[in-house]
Amino acid sequence: MKNCLVVDDSKVIRKVARHILESLDLSVSEAVDGQDALTQCEASAPDVVLLDWNMPVMSGMEFLQALSSAKMTARPKIIFCTTENGISHIKAAVEAGADEYVMKPFDRETLESKLAIVGVI
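First, a word on scope: everything that follows refers to the structure included in this document. Nothing here was measured: the structure is a model prediction, and the numbers come from that model. (Residues numbered from 1 in each chain as written. Predicted model: local features only at pLDDT ≥ 70, side-chain atom pairs only at ≥ 80, totals over all residues. Heavy atoms only, no water.)

**Points about the side chain of Glu100**
Relative to the assigned elements, Glu100 resides in strand 5 (residues 100-103). Classification of Glu100 by relative accessible area gives buried; the value is 18%. At a separation of 3.0 Å, a polar atom in the side chain of Glu100 contacts the side chain of Lys114. Excluding residues within four positions of it along the chain, Glu100 makes contact with Ile78, Ile79, Phe80, Lys114, Ile117 and Val118. (Helix = DSSP H or I, 4+ residues; strand = E, 2+ residues; numbered from the N terminus. Buried < 20%, exposed > 50% of the residue type's maximum accessible area, 1.4 Å probe, protein only. Polar contact = N/O pair within 3.5 Å; in protein donor to acceptor, adjacent residues only side chain to side chain. Contact = heavy atoms within 4.5 Å.)

**Considerations on the packing of aromatic side chains**
Two measures describe an aromatic ring pair: the distance that separates the ring centres and the angle between the ring planes. A complete count under the given rule lists two aromatic pairs for this structure. A centroid spacing of 6.4 Å and a plane angle of 45 degrees characterise the contact between Phe80 and Tyr101, whose relative ring orientation is tilted. Taken together, the residues Phe80 in strand 4 (residues 77-82) and Tyr101 in strand 5 connect sequence positions 21 residues apart. Here Tyr101 falls in the buried class, since its relative accessible area comes to 9%. Taken together, the aromatic side chains of Trp53, Phe80 and Tyr101 make up a single cluster linked through ring pairs. (Phe/Tyr/Trp six-rings, centres within 6.5 Å; stacked < 30°, edge-to-face > 60°.)

**Here's the deal with the environment of Asp99**
Along the polypeptide, Asp99 turns up in the loop between helix 4 (87-96) and strand 5. Spatially, the C-alpha atom of Asp99 lies 20 Å from that of Gln35, the residues being 64 residues apart in sequence. Polar side-chain contacts of Asp99 include one of 3.3 Å to the side chain of Arg75. Of the polar contacts made by the side chain of Asp99, one reaches the backbone nitrogen of Ile78; its length is 2.7 Å.

Nothing here speaks to function; it is geometry throughout.
As structure tokens, then:
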């Protein structure tokens, strides 16, 4: 079973994402910010990270930068999940290492298609 790490400071978003991901037969773990996510990724890299942009402690962009120098056997696929929809934000996320981008609020169909694009399902 593939594993997804949901990184978001919103408990509601983590709960909704968990429900959708588990319905797609993914194992789900959660992180409340980028630092928490980085620690979890270094301990055991997930197959995919659903990453929020704006978080306290360490933002999604800061997490991506730190992930590039983290000691891991395999780099997870990264799907940015945010309310930021400007072309400049999408371009910055991709240039920083994101594999895909999904807008909040998202639904099962949208998330499933993004997971298929990055090859997780």
